[in-house]
Amino acid sequence: MSAVLLAAVVLTAALALGVLLLRRGLLRRRASVSAYFAAAVACTVLAGVSAGSPLPRGGGPVGALGGPLLGSLGLGGKQVPVMVVPNRPGFNLVAVGAEEASAGTDRGRLAKGGPRPGSALTWVPVELPAGPGQVWVSSGGAVAALAVDTGRAARAGGR
């Protein structure tokens, strides 16, 4: 079961139980009602997080076809996290967990990235074609490729 579906099921069950408790008069005080629904939200978040898929041991990419992608590459003797968002055809951002990183779809023509406020990652704008391909990432003098699959076509409305 996907993390979102599990979280939706837990939240729906908790809300239905909360409404039942309210109608029967078992939750009367405002503090009790607030505490119950806060606990319901916390349980929903916990269910969604615990059902999520961690990175595989090999450091391979994690992400749905044409959805945000999280992976890890061996660059300069260390594992470096790499994220591609939204991982759809067209404009994307590649976030690299290393300073002075570059990225692109052609190993010989990589664009330099830069920092963004509020993030310790290096962000590189990259145009991705539709379908399967590779994003090349360079850092510390090393270059490696991350497999991507952006899906068949851009979403309606440019999203």
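For every chain, the first residue of the written sequence is number 1, and numbering continues from 1 onward in sequence order. Side-chain atom pairs in this predicted model are given and counted only at pLDDT of 80 or more, local residue features only at pLDDT of at least 70, and totals for whole chains, interfaces and linings cover all residues. Each side-chain value is worked out from all heavy atoms of the structure, with water and hydrogens disregarded.

Caption draft 1: View of the overall build of the protein chain. Where helices and strands are cited, they refer to DSSP runs of H or I of at least four residues and of E of at least two residues respectively, numbered from the N terminus. Along the protein chain, the regular secondary structure elements total two helices and nine strands. Starting at the N terminus, the α and β elements of the protein chain follow one another as α-α-β-β-β-β-β-β-β-β-β. Counting all 159 residues of the protein chain, 33% fall into the buried class. Long-range pairs, those at least 24 residues apart, make up 45% of the contacts in the protein chain between residues at least 6 apart in sequence. Total accessible area on the protein chain stands at roughly 9900 Å², and carbon and sulfur atoms take up 61% of it. Partly exposed residues are those whose accessible area sits between 20% and 50% of the maximum for their type, while under 20% is buried and over 50% is exposed, using a 1.4 Å probe and protein chains only. Any pair of residues with heavy atoms lying within 4.5 Å of one another is described as a contacting pair. All accessibility values rest on the Shrake-Rupley procedure with a 1.4 Å probe; residue burial counts only the protein chains present in the view.

Caption draft 2: Structural detail: the sheet that holds strand β4 (residues 102–106). Strand order in the open sheet made by the four strands is β5-β4-β8-β9, with antiparallel pairing throughout. Pairing within the sheet leaves two strands with one partner each, and these edge strands are β5 (109–112) and β9 (142–149). Within this sheet the neighbouring strands show an average axis-to-axis angle of 30°, counted without direction. Paired strands, as defined in this entry, are two strands with at least two bridges between them according to DSSP. The angle between two axes is taken between their N-to-C directions and runs from 0 to 180 degrees, where each axis is a line fitted to C-alpha atoms and a helix contributes only its stretch in contact.

Caption draft 3: The arrangement of the nonpolar core in detail. Nonpolar core, defined: a set of buried Ala, Val, Leu, Ile, Met, Phe, Trp, Tyr and Cys residues in which side-chain atoms within 4.5 Å join the residues together. Core analysis: the biggest nonpolar cluster contains 20 residues, and Val94 and Val137 have the highest contact counts within it. Counting only elements with at least two residues in this core, the list comes to β1 (69–75), β2 (78–85), β3 (90–96), β7 (122–128), β8 (132–139) and β9. For this core, the element with the highest residue contribution is β9, accounting for four residues. In this structure Val137 touches Leu73, Leu75, Val82, Val96, Ser102, Ala103, Ala142, Val143 and Ala144, once residues within four positions along its chain are discounted.

Caption draft 4: Representation of the environment of Ser138 within the structure. Looking at the secondary structure, you find Ser138 in strand β8. Here the alpha-carbon distance between Ser138 and Ala111, two residues 27 residues apart in the chain, equals 9.5 Å. Excluding anything up to four places from it in sequence, Ser138 contacts Glu100, Ala101, Ser102, Leu110 and Val143. Any N or O atom pair separated by 3.5 Å or less is treated as a polar contact, with the protein-specific requirement of one donor-capable and one acceptor-capable atom, and with residues adjacent in sequence counted only for side-chain atom pairs. Polar side-chain contacts of Ser138 include one of 3.4 Å to the backbone oxygen of Ala142.

Caption draft 5: Focus on the pairing of β4. With three bridges joining them, β4 and β5 adopt antiparallel strand pairing. Residue Ala103 lies in a different strand from β5, and its bridge partner there is Ala111. Joining the antiparallel neighbours β4 and β5 is a turn of two residues. With three bridges joining them, β4 and β8 adopt antiparallel strand pairing. Its bridge partner being in β8, Ser102 is matched across the sheet by Ser138.

Caption draft 6: Structural context of the sheet that holds β3. Within the open sheet, the five strands sit side by side as β1-β2-β3-β7-β6. Their pairing is antiparallel. Two strands close off the open sheet at either side, each with one partner strand: β1 and β6 (114–115). One ladder, built from seven bridges, connects β1 with β2; its direction is antiparallel. Note that in β2 the partner of Leu75 across the bridge is Lys78.

Caption draft 7: Structural view of the pairing of β1. Of all seven residues making up β1, five are buried, and the element is well covered by its neighbours. Counting the residues that bridge the hairpin from β1 to β2 gives two residues, and of these Gly76 lies at a positive phi of roughly 60°.

Caption draft 8: Representation of the confidence of the model for the protein chain. What pLDDT reports is the predictor's confidence in each residue, on a scale of 0 through 100. The share of residues in the protein chain with pLDDT of 70 or more is 80%, and the mean pLDDT across the chain is 80. Here residues 53–59 is a poorly scored stretch, pLDDT under 50, and it has nine contacts once near neighbours within four places are set aside; other chains count. Overall, residues 155–159 carries pLDDT values under 50, and its contacts beyond four positions in sequence, including any with other chains, amount to two contacts.

Caption draft 9: Spatial organisation of the environment of Gly140. Inspection of the secondary structure assignment puts Gly140 in the loop between β8 and β9. In this structure the C-alpha to C-alpha distance between Gly140 and Glu99, which are 41 residues apart in sequence, comes to 8.3 Å.

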